[in-house]
Amino acid sequence: MHLIITDARLARSRAIHLSGVRLLLAGLVLSLGLMVTAAGLYHWVFLKGAREGWPVFGTLVRLVVKDEFAERDRFMRANLDAMARRVGEMQARMVQLESLGERVLGLAGMPATELRSDGRGGALVSAHNLSMEELQATLDDLERLTNQRVDLMTVMESRLFDQHIRKKMVPTHAPVAGKAPGSSFGWRIDPITGQSALHTGLDFQADTGTAILAAAGGVVVTQEYHPAYGNMIEVDHGNQLVTRYAHASRTLVKQGDIVRRGQKIAEVGTTGRSTGPHLHFEVLVQGVFQDPQKFLSAGSAVAGGQVATAQRPGLVAASGSPAAGR
């Protein structure tokens, strides 16, 4: 494209050549300028009319604002309804957790009334949309209830852990693996003196060097040589419950050591007042000899999957000095 510009006063002319690219750029610049100018004028006129209350512009502003508020309300309503459904689902899950918590409370030996809540349900007759304030109040109640359940579950965990530890501290594990006890607890004819004497424990016949295992977890309170018991170990399991392992050929723990259930603590021997290699195993409650078979039988019942109610064994009065097993 050629443009010729002529100046009559100066009697001169000028030719301008415009290519297609230049025309396109010029058109874009011109269009952009027109758009910016129109938008600025519209914005200025619209705001001025809305601010000064011109009839037409004031009505348009109210319609636009009304539409914006209506759209915002629909958005908020949809989000509130979705949140309300989620809160309802959370409340239903909380009821399920309460049911589960009741069963766990029973296992922990705690009253289930602390966790029981009122049943809820029935036909839906009428309903209304929750407001933000009602939803916030429901969330606050749910948070408070959740905190209570967390505290209660923490107590249950502590109770169950304590029960687990107590079970580990009861001497129900056989002190010699695979060996049935020989001489039982009670009165018998002493094999050395030939007189009636109280046998204060159980004898497990085994070869010298056979492993002696801790019947339960505890702390070693005695590890010494005794004239009657020979190489002897005593383990304190708490609650004034003590187990004694006598006639060992070799001891593997010392006083103050912490032993776990089933741990090897010594080896069978025939030291002390003994007629042959064996383990003499005793259980004492408050310093009084008990029949170890009661504890071992309880452990066998649990291992076999039987359900039994444990009762504290009666105390047996022992007169005179204890006679070690032979």
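So, a few notes on the structure that sits alongside this text. What you see is a predicted model, and the numbers here were worked out from it, not measured in a lab.

1. Some points on the overall build of the chain
Phase 1: The secondary structure content of the chain amounts to four helices and 13 strands.
Phase 2: Taken over 326 residues, the chain has a buried fraction of 28%.
Phase 3: Counting only contacts in the chain whose residues sit at least 6 apart along the sequence, the fraction spanning at least 24 positions is 63%.
Phase 4: Accessible surface, the chain: about 21,300 Å² in total, of which carbon and sulfur atoms supply 59%.

2. Concerning the packing of aromatic side chains
Phase 1: Within this structure, the stated rule accounts for one aromatic pair.
Phase 2: With a centroid separation of 5.4 Å and an interplanar angle of 40°, the aromatic rings of Y245 and F281 are classed as tilted. Placement of the pair is Y245 in strand 9 (residues 241-251) and F281 in strand 12 (residues 278-285), with a sequence separation of 36 residues. No difference in accessibility class separates Y245 from F281, as the two residues are buried.

3. So, the nonpolar core
Phase 1: In terms of nonpolar packing, the biggest core is built from 30 residues, with I212, I233, Y245, I265 and L279 touching the most fellow members.
Phase 2: Listing elements by their share of this core, those giving two or more residues are strand 5 (202-205), strand 8 (230-236), strand 9, strand 11 (264-268), strand 12 and helix 4 (292-303).
Phase 3: Sort the elements by how many residues they give to this core and strand 12 lands first, with five residues.
Phase 4: Setting aside residues up to four positions removed in sequence, L279 forms contacts with P175, V176, L202, D203, F204, I212, Y245, A246 and V268.

4. Thoughts on the side chain of E267
Phase 1: With respect to the helices, strands and loops of the structure, E267 is situated in strand 11.
Phase 2: Residue E267 is classed as buried on the basis of its relative accessible area of 12%.
Phase 3: A polar contact of 3.2 Å, which involves the side chain of E267, links it to the side chain of K264.
Phase 4: Discounting chain neighbours no more than four positions away, the residues touching E267 are G209, T210, I212, A248, S249 and R250.

5. Digging into the environment of E234
Phase 1: Here E234 is to be found in strand 8.
Phase 2: Polar side-chain contacts of E234 include one of 2.6 Å to the side chain of R244.

Here is what the cut-offs are and how they apply
Residues numbered from 1 in each chain as written. Predicted model: local features only at pLDDT ≥ 70, side-chain atom pairs only at ≥ 80, totals over all residues. Heavy atoms only, no water. Helix = DSSP H or I, 4+ residues; strand = E, 2+ residues; numbered from the N terminus. Buried < 20%, exposed > 50% of the residue type's maximum accessible area, 1.4 Å probe, protein only. Contact = heavy atoms within 4.5 Å. Areas by Shrake-Rupley, 256 points an atom, 1.4 Å probe, with all protein chains shown as cover. Phe/Tyr/Trp six-rings, centres within 6.5 Å; stacked < 30°, edge-to-face > 60°. Core = buried A, V, L, I, M, F, W, Y, C linked by side-chain atoms within 4.5 Å. Polar contact = N/O pair within 3.5 Å; in protein donor to acceptor, adjacent residues only side chain to side chain.

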